[in-house]
Amino acid sequence: MEGLRKRITARVSDNVRVALEQAAELLGATVNQFVVQTAYQEAQRVIERESVIRLSQKDARKVLALLDHPPKPNKRLKDAVKEFKGTIRA
């Protein structure tokens, strides 16, 4: 139901309201358009920042090397697999 729209309201101080009005006017937008677009852009930035893992070149090389040559499973990993298989029901 992407077409369904919901309302979000916020109480703001006079200083914040004035700043939002000025910024919206400078961009030729309504305050609502400005607030929604700005909040959406920030939300996308936060989601990307929290969803993307960034590695140094050194760390990236280490990860790729481990993918190319994975270590042999140790006892702890084997025990974890057994425990996991015991929790699965087919």
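Here is what the cut-offs are and how they apply
- Residues numbered from 1 in each chain as written.
- Predicted model: local features only at pLDDT ≥ 70, side-chain atom pairs only at ≥ 80, totals over all residues.
- Heavy atoms only, no water.
- Helix = DSSP H or I, 4+ residues; strand = E, 2+ residues; numbered from the N terminus.
- Expected span 1.5 Å × (residues − 1).
- Buried < 20%, exposed > 50% of the residue type's maximum accessible area, 1.4 Å probe, protein only.
- Axes fitted to C-alpha atoms, helices over the stretch in contact; angles between N-to-C directions.
- Parallel < 35°, antiparallel > 145°, perpendicular 65-115°, else oblique.
- Contact = heavy atoms within 4.5 Å.
- Nonpolar A, V, L, I, M, F, W, Y, C, P; charged D, E, K, R; others polar.
- Salt bridge = Lys/Arg side-chain N within 4 Å of Asp/Glu carboxyl O.

Chemist: Can you help me understand helix 3 (residues 57-68) in this one?
Modeler: Structural remark: α-helix, 3.6 residues per turn; residues separated by three or four positions point the same way. With twelve residues, helix 3 ought to run about 16 Å at 1.5 Å a step, and its terminal C-alpha atoms sit 16 Å apart, in line with that. In terms of burial, helix 3 is largely open, as just zero of its twelve residues are buried.

Chemist: I'm lost on the packing of helix 1 (residues 14-27) against helix 2 (residues 31-51) in this one. Help?
Modeler: Each packed pair of helices is defined by two parameters, the angle between the axes and the distance between the axes. Closest axis-to-axis distance for the helix 1/helix 2 pair is 8 Å, and the angle between their directions is 95°. With respect to helix 2, the axis of helix 1 lies roughly perpendicular. Two secondary-structure elements touch here, helix 1 through Leu 20, Glu 21, Ala 23, Ala 24 and Leu 27 and helix 2 through Val 31, Phe 34 and Val 35. Here the residues of the contact of helix 1 with helix 2 are counted per class, giving seven nonpolar, no polar and one charged.

Chemist: What am I meant to see in the pattern of salt bridges here?
Modeler: As a working rule, side chains carrying opposite charge can pair if their charged atoms are close by. Applying the stated rule across the entire model yields six salt bridges. The residue Arg 54 makes a salt bridge to Glu 48 at a minimum N-O spacing of 3.6 Å. Classification of Glu 48 as partly exposed rests on a relative accessible area of 45%. As a salt-bridge pair, Glu 50 and Arg 49 come within 3.0 Å of each other at their nearest N and O atoms. We classify Glu 50 as exposed; its relative accessible area is 58%. Exposure remark for Arg 49: the relative accessible area of 44% places this residue in the partly exposed category. One network of salt bridges, in which partners are shared, links Asp 14, Arg 17 and Glu 21.

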